[in-house]
Each structure stands twice: as structure tokens, then as C-alpha cells.
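# Fold and geometry: a report
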Amino acid sequence: MEILQDYPLQNLNTFGITVSSRYFVSISSINQLKEVLATDIAKTNSLLIMGGGSNILFTRQYQGLIILNQIKGIETTDESEDYKLISAGGGENWQDLVDFTLDANLGGLENLSLIPGSVGAAPIQNIGAYCAELKDVMESLTAIELATGEERIFSNAECDFGYRNSVFKKELKDKYLITNVSLRLSKKPNLNTSYGAINSLLEEKGINNPTVKDVSNAVIEIRQSKLPDPAQLGNAGSFFKNPVVDKIDYEGLKLIFSNIRGYINGEQVKIPAAWLIEQCGWKGRRFGHVGVHDKQPLVLVNYGDGKGEEIKNLAEDIKASVAEKFGIELEAEIRII
Ligand SMILES: Cc1cc2nc3c(=O)[nH]c(=O)nc-3n(C[C@H](O)[C@H](O)[C@H](O)COP(=O)(O)OP(=O)(O)OC[C@H]3O[C@@H](n4cnc5c(N)ncnc54)[C@H](O)[C@@H]3O)c2cc1C
């Protein structure tokens, strides 16, 4: 374990931005992390924890110390007639964990298949897809406080999960490194195929009694058909969150834009950001080395030599045009450095 200087990050962020970190270290155990935290470099610089770099946009060199979390391991820690508790190291690849649970025929992660990144980052924004979120299955997590090196266990409730949100994006931002996540997964899976495309794909394939693996395969097929693979085209998934507005404002928008869509939840309505962006004419547009994906306008892409600043500027132009047309403020889902 060695703290390196001016470390290139191009292969460590899925946008593929050519940028570096003043200091960089990779840790694979809690002891190594504690050793790093005790160094002068860690004590006198800002710290940024990284996993797969699939939710970060770098617009400049990082001036502090990046700690790459590589703490691995997946194990069953407890079980009952109905559930298994699965514990995974924060540095595990998310899809490797999903595969582990599918092989054991456990239900809970199938709808979250193929989300890039690490297990330790999953609670940060309460990853979600196809009507499922991490918070539905997370029992607890273990984290090390960066300022003290002390371990703390957070219950699900203490993480204060919300839509692409948690306590780790709010008051505890950059205060902890998540070393381990514990999930309660069902031995009697209760599949959620209510997202339209999953149902139709299963029907198309003649699958009437799907297994967790069938649902996962359907999710993977749908994702691959509309989301660009970062290995081929730099991106970080959805750039913006779907905005949530009051029902009364939504009704007002509907009078002007009769084809607007929204998912009503009590007095609030979630509006697809992709639709808003498409209506402003951005879908598929390219500006030099960066652009808006042609199948999913919520995804901004780097065609190769794009700079983080160019992507950030494009995002700001998109945001301004949506605000002007719809009076809605889009909020970035990804972390901008
Ligand atoms: C093609 C594509 C599709 C995507 N689809 C989805 C989707 O459907 N749903 C969804 O929710 N997200 C999606 N994402 C976003 C991304 O996959 C998730 O946010 C993922 O959890 C990020 O993991 P990571 O390890 O890459 O995090 P990073 O990008 O490395 O870090 C993200 C944030 O988490 C913090 N962090 C990372 N690890 C730790 C840790 N161990 N302890 C404390 N803080 C930490 C970082 O400091 C940073 O603030 C997608 C991304 C891509 C590229």
C-alpha cells in the first residue's frame, strides 16, 4: 500500500475523462485504510472515496487524496426459513454480488442487475432501477469514519434513504468510507415485474413462471438495448434525477403540455427528465467530443477526447433550457468534481 502522486484517473472513471489525482491510494482492508488515515497526507488533504467511478464527473485535477476502495468478500452471515443475510465488502463489484445472489436463487437484487460500480457506493445514492431500490433489501452497513478511523454500523433507517439520496449525500457527505453492506434477501422471491418492458419481454419469451434469473436476464436485455456501455462510449448513466413536483404544478403543466407524463405518488408527481430533455430538442445532439445519447437523452456521453468541463457546460445548457420551457429545475444525479 503506497500513496502515489499525480495518478491518472482515465481508466478509473466511466466518462473516461483524462484527469489525475494529486495523491492516490488503493486499499484492500480496514487495517490498510486505518494506516492511510493516520498519514500526514491524509490528515492534511481533502479525501475522496472511489469505487467504480461510474457516478462521478471530473472537471479538473483532484487536489487531494483519492482512496480507491478494494475491500472484497461475499458471505452468508445468517439465515432463517425465509431469508438469508448476505454481507459484501464495499469494494466488490455490484454485478458480482448480484450474480452471487442469483446463483443462490435469492430474491431482491434481480431488478438492480447490471448497474455499474461497487457495493460500497450503492447506499450513497440508494441505487435504483425498474421499481426497486437498495433500501428495499439493505439491512445495515459498516463504515469507517475518515476523521477518526472509528467503525460505525448504520441501520437502514439511519441511512435516511430517499430517491437517489441518503445521509451520505447530505450531512455525512465525505465523512465515512463504507466497508461492508449487509442485505436481507428472500429465499421465497416475490418478483416485481410491474415495469412494463420486463413483463412484455418475459411474455415474448414465453416465460410464465419466471425465476429471479429470468427477471435479471430481462432487465439486462432491456438495459443493454437502451443504455450505452461505458466500455464503448464514456458515460455515467443518468446525468440528472427525475424531478419531483407538487401535483398542483403538474396539473398546471398538463394544461400547457397535454402529452406530459408523470408518476403520481400522493401529492407529488415524478416527471421523467428524459422526456423534458427530449422536448427541448437535445436528444442525439453532438457538440465536438461530447453529446446527448441518441436513445436515452438523460445520458450525456464522451465520444473520446471530451473534457469534464465540456460535459458540465452541456449539462448546464440542458438545465437552463428545461427551466425556461417547463419552469423545472433539474438536479444532477452524478457527483461533479
Ligand atoms: C451505464 C450506467 C448505468 C447506470 N444505471 C444506474 C441505475 O440504473 N441506477 C442507479 O441508481 N445508478 C445507475 N448508475 C450510476 C452508478 O452505477 C451508481 O451510482 C453506482 O452506485 C456508482 O458506484 P461506483 O462504485 O462507480 O461509485 P463512484 O462513482 O466511484 O462514487 C460515487 C459516489 O459514491 C462515493 N463512494 C463510492 N464508494 C464509496 C464507499 N465505499 N464509501 C463511501 N463513499 C463512497 C464517492 O465518493 C462518490 O461520491 C449508472 C451508471 C452507468 C455508467
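Just so we're clear, the structure is a prediction, and the values are computed from it rather than from any experiment. (Residues numbered from 1 in each chain as written. Predicted model: local features only at pLDDT ≥ 70, side-chain atom pairs only at ≥ 80, totals over all residues. Heavy atoms only, no water.)

Scanning the protein chain from terminus to terminus reveals eight helices and 20 strands. In summary, the protein chain has a C-alpha radius of gyration of 21 Å against a globular reference of 20 Å for 337 residues, a match within 12%. The principal-axis extent of the C-alpha atoms belonging to the protein chain is close to 60 × 55 × 35 Å. Relative to its 337 residues, the protein chain shows a buried fraction of 47%. A separation threshold of at least 6 residues defines the contact pool for the protein chain, and within that pool the share at least 24 residues apart is 60%. (Helix = DSSP H or I, 4+ residues; strand = E, 2+ residues; numbered from the N terminus. Rg over C-alpha atoms; globule rule 2.2 N^0.38 Å. Buried < 20%, exposed > 50% of the residue type's maximum accessible area, 1.4 Å probe, protein only. Contact = heavy atoms within 4.5 Å.)

All right, on to the pattern of salt bridges then. Applying the stated rule across the entire model yields 14 salt bridges. For Arg-335, the salt bridge is made with Asp-174, and the minimal N-O distance between the two is 2.7 Å. Within this pair, whereas Arg-335 is found in strand E20 (residues 335–336), its partner Asp-174 is found in the loop between strand E11 (151–155) and strand E12 (176–186), the two being separated by 161 residues in sequence. Using a relative accessible area of 26% as the deciding quantity, one classes Arg-335 as partly exposed. Residues participating in the shared-partner salt-bridge network are Glu-81, Asp-82 and Lys-188. (Salt bridge = Lys/Arg side-chain N within 4 Å of Asp/Glu carboxyl O.)

In the vicinity of the ligand there are 34 residues, among which Ile-49, Gly-52, Ser-54, Pro-116 and Ser-118 approach most closely. With respect to the ligand, the backbone of Ile-178 contributes an N or O atom lying 2.8 Å from a nitrogen atom. Burial of the ligand by the protein amounts to 95% of the accessible area it has alone, namely 980 Å². Listed by contribution, the elements that provide at least two residues to the shell around the ligand are strand E3 (47–50), strand E8 (128–129), E12 and strand E13 (234–238). For the shell around the ligand, the class distribution of residues is 16 nonpolar, 14 polar and four charged. (Near = heavy atom within 4 Å. Polar contact = N/O pair within 3.5 Å; in protein donor to acceptor, adjacent residues only side chain to side chain. Areas by Shrake-Rupley, 256 points an atom, 1.4 Å probe, with all protein chains shown as cover. Nonpolar A, V, L, I, M, F, W, Y, C, P; charged D, E, K, R; others polar.)

Summed over the entire model, instances satisfying the criterion amount to seven aromatic pairs. An aromatic cluster is built from Phe-154, Phe-168 and Tyr-176, whose rings are joined through pairwise contacts. The aromatic ring of Tyr-83 is capped on one face by Arg-184, whose charged end is 5.4 Å from the ring centroid. Over the face of the ring belonging to Trp-282 we find Arg-285, whose NZ or CZ atom lies 5.3 Å from the ring centre. (Phe/Tyr/Trp six-rings, centres within 6.5 Å; stacked < 30°, edge-to-face > 60°. Lys NZ or Arg CZ within 6 Å of the ring centre and 35° of its normal.)

Turning our attention to the environment of Val-219. With respect to the helices, strands and loops of the structure, Val-219 is situated in helix H5 (residues 212–226). Classification of Val-219 by relative accessible area gives buried; the value is 0%. The spacing of Val-219 and Tyr-130 is 89 residues in sequence and 7.9 Å in space, taken between C-alpha atoms. Setting aside its immediate chain neighbours within four residues, Val-219 contacts Glu-110, Asn-111, Ser-113, Tyr-130 and Ile-198.

Our next topic: the nonpolar core. One broad trend across soluble globular proteins is that nonpolar side chains are buried collectively. Formed by 44 residues in total, the largest nonpolar core has its most connected members in Phe-58, Phe-239, Ile-271, Ile-318, Val-322 and Phe-326. Of all the elements in the fold, those that place two or more residues in this core are E3, strand E4 (56–57), strand E5 (62–69), helix H6 (247–256), helix H7 (273–279), strand E18 (290–292) and helix H8 (308–326). Once residues lying within four places of it in the same chain are set aside, the contact partners of Phe-326 are Leu-253, Phe-257, Trp-275, Leu-276, Gln-279 and Cys-280. Of all hydrophobic cores here, the second largest spans 40 residues; its members include Trp-94, Leu-106, Leu-172 and Ile-222. (Core = buried A, V, L, I, M, F, W, Y, C linked by side-chain atoms within 4.5 Å.)

Attention now moves to the sheet that holds strand E17 (residues 286–287). Within the open sheet, the four strands sit side by side as E13-E19-E18-E17. Their pairing is antiparallel. A strand with exactly one partner marks an edge of an open sheet, and here the two such strands are E13 and E17. Of the pairings in the sheet, the one linking E18 to strand E19 (residues 299–302) comprises three bridges and is antiparallel in character. Following the sheet pairing, Val-292 is matched in E19 by Leu-300. (Pairing = 2+ DSSP bridges.)

It is worth spelling out the sheet that holds strand E6 (residues 74–79) at this point. Read from one edge to the other, the open sheet built from five strands follows the order E6-E7-E12-E10-E11, with strand pairing classed as antiparallel. The open sheet has two edge strands, E6 and E11, and neither has a second partner. In this sheet, neighbouring strand axes are inclined to one another by 25° on average, regardless of whether the strands run parallel or antiparallel. Sheet topology note: the strand E10 (residues 138–145)/E12 ladder contains seven bridges and is antiparallel. The partner of Ala-143 across the bridge, within E12, is Ile-178. Relative to E10, helix H1 (residues 30–37) is tilted by about 35°, and along the sheet it contacts E10, E11 and E12. (Axes fitted to C-alpha atoms, helices over the stretch in contact; angles between N-to-C directions.)

In the case of a regular strand, side chains alternate between the two sheet surfaces. With nine of its 11 residues buried, E12 lies for the most part within the structure. Examined bridge by bridge, strand E7 (residues 83–89) and E12 share seven bridges and lie antiparallel to one another. Considered in E12, the bridge of Tyr-83 is made with Ser-186.

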